[in-house]
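What the coordinates show
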Amino acid sequence: MYSLPTFSSQQYFYDPESGSSSQPRSRNIQSHSSPVVSYYYPKGCGFYHYGERHPMKPHRLTLTNSLVIGYGLHQKMDHFFSPRSATQAELEEYHDPDYVDFLRRLVGVGSGLMKEGQDCFNFGEDCPVFDGLYDFVRQYAGASLVAARKLAQGTTDIAINWSGGLHHAKKSEASGFCYVNDIVLAILELLRYYPRVLYIDIDIHHGDGVEHAFYHSNRVMTVSFHKYNGDFFPGTGKVEDNGIGLGKYFALNLPLQDGIDDESYVRLFKDVMGPVIKKFSPSAIVLQCGADSLGCDRLGAFNLSINAHGDCVEFIKTFNLPLLVLGGGGYTIRNVSRCWTYETSILLDTQLSEQLPDTPFNRFFSPDYTLHPKIV
């Protein structure tokens, strides 16, 4: 039986100005009946291309944004941003400077750099070099960083960045289609102001990069619901992997088998996350909503519907904590975009028509043109 650790009731925050810890500052929460919601969409982030046969398609971000706007959800948001890109220095808050410098030098790729990437930084078939790669990673990381800062400042309650959530990247290597770990960067930013941050991952793949970054920490708890059989990428995330040192029991893994259905998944999610949030008492939550856990995903093997995936988001929203919501995996892009649009509506407390709005991308949603097609 997994036992959650006991936490002190006294909370502290880290002041980046003085470098010291003290009593937490109060959040400047606006007086309102509904949460303040901010949405981050880096302009052009959906135009990048990993390669003709590569399963990762950034175009899913364009489809998502077109549906969000088509439904008029942008008009219900308090803030709708195209944020600035992350700087090299900001990427180096977590990533090794040599690795970030390599990413920067990939402009005008030559054979020498390709060999360096393969030998030193795990570039290859899963993590190819493509045109504009450095700009791409700076865009999605920048969006997550700006979102985290808005949460920390108390000027927003919920921040959404569907371009983020790339949870496999390590400190000095690419992994699993991920080059820069925007989640780790965002959590580090939140930790400047909040004593404890809870990270939740509902991608079908184990959130190994985030877990690894905070495996020794008792200020970040990572919880990952994922497929595990020892072979499925990334091959990590056993139930007994639960942290080291101060971080012992601050990593919680829920390894699952193929075919889990809506009822089982949502019941497990609520039965686990309710007690975790009560016991850990996080100051903020980061929720990675990888949509490859949906049924019929190109790389996934679960049977979740869009409704069930959204039920997890809705449940976490009920705790009324500062919440950063990110994308992640998802490789049947017509369903990814439907899912993230639906979850945007949940975060906005808005009902959507089952009939999809007209967009320039209608052909992707043929033949049903509905928000909740049967995908199990």
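Residues numbered from 1 in each chain as written. Predicted model: local features only at pLDDT ≥ 70, side-chain atom pairs only at ≥ 80, totals over all residues. Heavy atoms only, no water.

1. Concerning the overall build of the chain
Regarding its fold elements, the chain presents 10 helices and 10 strands. Taking all 376 residues of the chain together, the buried fraction comes to 58%. Taking the contacts inside the chain whose residues are at least 6 apart along the sequence as the reference set, 77% of them involve residues at least 24 apart. Entry remark: accessible area of the chain is about 15,500 Å², with carbon and sulfur atoms responsible for 48%. (Helix = DSSP H or I, 4+ residues; strand = E, 2+ residues; numbered from the N terminus. Buried < 20%, exposed > 50% of the residue type's maximum accessible area, 1.4 Å probe, protein only. Contact = heavy atoms within 4.5 Å. Areas by Shrake-Rupley, 256 points an atom, 1.4 Å probe, with all protein chains shown as cover.)

2. Observations regarding the sheet that holds strand β7 (residues 220-227)
Adjacent strands of a sheet pair through backbone hydrogen bonds, lying either parallel or antiparallel. The 8 strands are arranged β4-β3-β5-β10-β9-β6-β7-β8 in an open sheet whose pairing can be described as parallel. Each edge of the sheet is formed by a strand with only one pairing partner; in this case those strands are β4 (79-81) and β8 (251-256). Going from strand to strand, the sheet's axes swing by 10° on average, the running direction of each strand aside. For strand β6 (residues 197-201) and strand β9 (residues 284-288), the ladder comprises 5 bridges, and the chain directions are parallel. What sits directly across from Val197, in β9, is Ala284. On top of the sheet, helix α8 (residues 262-280) reaches β6, β7, β8 and β9; it is set at about 170° to β7, its chief contact. (Pairing = 2+ DSSP bridges. Axes fitted to C-alpha atoms, helices over the stretch in contact; angles between N-to-C directions.)

3. Points about the nonpolar core
Phe123, Tyr179, Ile187, Leu198, Phe225, Met273 and Ile316 are the most contacted members of the largest nonpolar core, which has 118 residues in total. The leading source of residues in this core is helix α5 (residues 133-153), at 13 residues. (Core = buried A, V, L, I, M, F, W, Y, C linked by side-chain atoms within 4.5 Å.)

4. Concerning the packing of α5 against helix α6 (residues 182-190)
At a minimum axis separation of 9 Å, α5 and α6 run at an interaxial angle of 25°. Relative to α6, α5 is oriented roughly parallel. When the axes of α5 and α6 are compared, the crossing they make is right-handed. Of the residues in α6, those touching α5 at Tyr140, Ala141, Ser144, Leu145, Ala148, Arg149, Leu151 and Ala152 are Asp182, Leu185, Ala186, Glu189 and Leu190. In terms of residue class, the contact of α5 with α6 is built from 9 nonpolar, 1 polar and 3 charged. (Parallel < 35°, antiparallel > 145°, perpendicular 65-115°, else oblique. Left-handed = near helix turned anticlockwise from the far one by under 90°. Nonpolar A, V, L, I, M, F, W, Y, C, P; charged D, E, K, R; others polar.)

5. A few points about the pattern of salt bridges
Tallied over the full model, the rule gives 14 salt bridges. Among the salt bridges present, the one from Arg192 reaches Glu189, with a minimum N-O distance of 3.6 Å. Given a relative accessible area of 11%, Glu189 falls into the buried group. Taken together, the shared-partner salt bridges in this structure form one network comprising Arg84, Glu90, Glu93, Arg149, Glu189 and Arg192. (Salt bridge = Lys/Arg side-chain N within 4 Å of Asp/Glu carboxyl O.)

6. A closer look at helix α3 (residues 97-105)
Those residues of α3 that fall on the buried side of the exposure criterion are Tyr99, Val100, Phe102 and Leu103. Buried positions in α3, seen along its axis, are confined to an arc of 155° and lie on one side of it. The opening residue of α3, the one whose side-chain oxygen lies 2.9 Å from the backbone nitrogen of Asp98, is Asp96. (Arc of directions from axis to C-beta. Polar contact = N/O pair within 3.5 Å; in protein donor to acceptor, adjacent residues only side chain to side chain.)

7. Structural notes on the pairing of β8
With 5 of 6 residues buried, β8 lies mostly within the body of the structure. By the bridge criterion, 6 bridges tie β7 to β8 in an arrangement that is parallel. Considered in β8, the bridge of Lys227 is made with Leu256.

8. Details of the packing of helix α9 (residues 306-317) against helix α10 (residues 333-347)
It is at 9 Å that the axes of α9 and α10 come closest, and there the two elements cross at 30°. Of the possible angle classes, the one that applies to α9 and α10 is roughly parallel. Once α9 is placed against α10, the crossing between them reads as right-handed. Facing α9, whose interface residues are Ile306, Asn307, His309, Gly310, Val313, Glu314 and Lys317, α10 presents Asn335, Arg338, Cys339, Tyr342, Glu343, Ile346 and Leu347. Among the residues making up the contact of α9 with α10, the classes are represented as 6 nonpolar, 4 polar and 4 charged.

9. Digging into the UniProt feature "binding site: substrate" (unreviewed entry) in the chain
UniProt records the feature "binding site: substrate" (unreviewed entry) for Asp126, Gly176 and Tyr331 in the present numbering. For the residues just named, distributed over 206 residues, the greatest C-alpha separation is only 13.5 Å, placing them together at one site. Tracing the backbone shows Gly176 in the loop between β5 (158-161) and α6. Every residue in contact with Gly176, bar those within four places of it in the chain, is listed here: Cys127, His168 and Phe233. Within the fold, Tyr331 resides in the loop between β10 (323-326) and α10. In this structure Tyr331 comes out as buried when scored by relative accessible area, which is 8%. (UniProt positions renumbered as here; feature names shortened; annotations may be inferred.)

10. Remarks on unusual backbone geometry
Between Phe233 and the following residue, Pro234, the backbone shows a cis peptide bond with an omega angle of 0°. Backbone torsion omega between Ser366 and Pro367 reads 5°, so that peptide bond is classified as cis. Within the fold, Pro367 resides in the segment after α10. If you check the backbone angles, Ser281 has positive phi at about 50° while not being a glycine. Counting through the fold element by element, Ser281 comes out in the loop between α8 and β9. Classification of Ser281 by relative accessible area gives partly exposed; the value is 31%. Although it is not a glycine, Asn320 sits at a positive phi angle of roughly 55°.

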